[in-house]
Structure formats: structure tokens, C-alpha cells
Amino acid sequence: GAADPLDLRSGPKGAAAPVTPSDQQRDQFLSEKVLAPKSYKDPAWDAIEADVSKLTGVPQEVMRAIRTVGERSNDDQVSSAGAKKTTQFTENSRNLFLKKYGVDAYSDNAREQVLAQALHLKESFDRAGSWDKAMAGYNGGPSAEMGANKTAENKAYAGRTSAAVRAGTGAAGPRAAARGENRM
């Protein structure tokens, strides 16, 4: 098949680095409220991830892979580590991103949850320089971005998410790939 235009080591070919939206851009973006779907498999998440990708430059397929093969959590699920919502933020991470960016990962507004996720991934990308490492860091923290988190959980998570993006399906399935939804 055709080469995947997303280089996990650096980002989409020809794309600028991901950006943090201004407070005005954030507020305008969040003025549209979308009730978070209960299921992480709900296709409504795809449209929200596409909108957040346009705002931040974080690749949609990276966010989709985190949701569909990484976290795999419904909006009402809580992990053994206490991470909540579809984007699976811990209380500490939620508070950090709320204070730093004014976005609440525990919001019932799906656009706000995904924006928090994108900002988390952007920070990881900025530190580590690759989407592979950013996806590992989303699960395992800064040590995983640097390859120092050697837990079986983080190794499996990083492998699943990177493989989904490389396959060009983002776990949305072959029909999505055939329609070109995962291409940038």
C-alpha cells in the first residue's frame, strides 16, 4: 500500500509542530458543547478528535489510537490507578492540566476531554520528539517517553498504539482506512 504520511518519529510530513491554542481559541472551541459519548467505540469521538487535531496539530490518528487500542475505557470507567473518563486522566494530571491550560479532562464536554488529551500528548511530543514516545508517555509518564518505563503494561500499550497508527487504521477498522479517514 501507500506509505503512511505520519512519521511516528517526527510527525506528519510537512506539518508544523503541535501548538497550544490561545485562551481565546480554547474558549471559542469549548463554547460548542458535545456530551461525551458513553462508549469509547462511539464514532462521535472521531469527529471530535478531527476538530481537536485541526486546533492543536496533534495527529488525529494518535488520539484515536490512544482511545481505541490504548486506553479502551468508557466514559464512566475508573482504572485501578484512579484514572477517569474516556481519556483516562488521573486526578493529579487532571489538576495539572486544569491549572496550566484551563481544560478539565473530567468534563462531560467531550471536546474538553479530547483537548486535554491533545495537550498532554503535545507536552510529551515536545519533550520526547516523537509520537511513538508521546504515546508511551501518555500511559507511563515522562520516564516512558525516554524509554525508562519497562513495565509490561507500558511496553504493551506503546506497542499497541504505535502499531495501530502505523497500520493506518487507528483501530477504526479497515473501512475507515479505505475511506481515507486516517490519512493526513
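As the structure is a computational prediction, the values presented were derived from the model and not from experiment. (Residues numbered from 1 in each chain as written. Predicted model: local features only at pLDDT ≥ 70, side-chain atom pairs only at ≥ 80, totals over all residues. Heavy atoms only, no water.)

Details of the side chain of T56
We apply this condition: Each helix corresponds to a stretch of at least 4 residues labelled H or I by DSSP, and each strand to a stretch of at least 2 residues labelled E; elements are numbered beginning at the N terminus. Definition of a polar contact: a pair of N or O atoms within 3.5 Å, with one able to donate and the other able to accept a hydrogen when the atoms are protein atoms, and with sequence-neighbouring residues admitted only if both atoms are side-chain atoms. By definition in these notes, contact holds between two residues if any of their heavy atoms fall within 4.5 Å.
Relative to the helices and strands, T56 is located in helix α2 (residues 44-56). Reaching out from T56, the side chain makes a polar contact with the backbone oxygen of V52 at a distance of 2.9 Å. In this structure T56 touches P18, V19, P21, L115 and A118, once residues within four positions along its chain are discounted.

Remarks on helix α5 (residues 110-128)
Quick reminder of the rule: A helix is expected to reach a length of 1.5 Å times the quantity of its residues less one. The classification of residues rests on relative accessible area computed with a 1.4 Å probe and restricted to protein chains. Under 20% of the type maximum is buried, over 50% is exposed, and intermediate values are partly exposed.
The end-to-end C-alpha separation of α5 is 27 Å, in line with the 27 Å expected for 19 residues at 1.5 Å each. The element α5 is extensively covered by neighbouring structure, given that 17 of its 19 residues are classed as buried. G129 sits one or two residues past α5 and shows a positive phi near 80 degrees.

Points about the environment of N95
Take N95: it is sitting in helix α4 (residues 91-101). C-alpha separation for the pair N95 and A105, spaced 10 residues apart in sequence, amounts to 8.7 Å.

Brief notes about the nonpolar core
One recurring pattern in soluble globular proteins is that nonpolar side chains are buried together. Threshold: Remark: nonpolar core denotes a set of buried residues (Ala, Val, Leu, Ile, Met, Phe, Trp, Tyr, Cys) joined through side-chain atoms within 4.5 Å.
Ranked by internal contacts, the top residues of the largest apolar core, which has 34 residues, are V52, M63, F89, V103, L115, L121 and W131. Elements that contribute at least two residues to this core include exactly α1 (23-30), α2, α3 (60-71), α4, α5, α6 (131-140) and α8 (152-167). The dominant element in this core, judged by the number of residues it contributes, is α5, at 8 residues. Beyond its immediate stretch of four places on either side in the chain, L121 contacts V58, V62, M63, I66, W131, A134, M135 and Y138.

Structural notes on the confidence of the model for the protein
To keep things clear, this is the line we draw: Predictor confidence is given residue by residue as pLDDT, running from a minimum of 0 to a maximum of 100.
The predicted model of the protein averages 85 in pLDDT, with 83% of residues at 70 or higher. Within the model, pLDDT remains below 50 along residues 1-5, and this stretch shows 10 contacts once partners closer than five positions in the same chain are excluded. Within the model, the stretch residues 171-184 combines pLDDT values under 50 with 24 contacts to residues more than four positions away or in other chains.

Here's the deal with α1
Helical geometry: 3.6 residues make up each α-helical turn, so side chains three or four residues apart lie on a common side. Stated formally: Directions drawn from the helix axis to the C-beta atoms are what define this arc.
The set of residues buried in α1 consists of R26, F29 and L30. On an axial view of α1, the arc spanned by its buried residues comes to 90 degrees, and they lie on one face. Of the exposed residues in α1, those oriented more than 90 degrees away from the buried face are Q24 and Q28.

Some details on the packing of aromatic side chains
Defined as follows: Think of it this way: a Phe, Tyr or Trp ring, Trp meaning its six-membered ring, pairs with another when their centres are within 6.5 Å, and the plane angle makes it stacked under 30 degrees, edge-to-face over 60, tilted otherwise. Whether a charge sits over a ring depends on NZ of Lys or CZ of Arg being within 6 Å of the ring centre and within 35 degrees of the ring normal.
Going through the model one piece at a time under the given rule, you end up with 4 aromatic pairs. A centroid spacing of 5.7 Å and a plane angle of 25 degrees characterise the contact between F97 and Y101, whose relative ring orientation is stacked. Here F97 pairs with Y101, and both are found in helix α4, just 4 residues apart, close to one helical turn. Given the relative accessible area of 7%, F97 is considered buried. Taking 4.3 Å as the distance between ring centres and 20 degrees as the angle between the ring planes, the aromatic pair formed by F125 and W131 counts as stacked. Residue F125 is classed as buried on the basis of its relative accessible area, which comes to 10%. Ring-pair connections join several aromatic residues into one group, and the members of that group are F89, F97, Y101 and Y138. If you follow R111 out to its NZ or CZ, it ends over the ring of F29, 3.7 Å from the centre.

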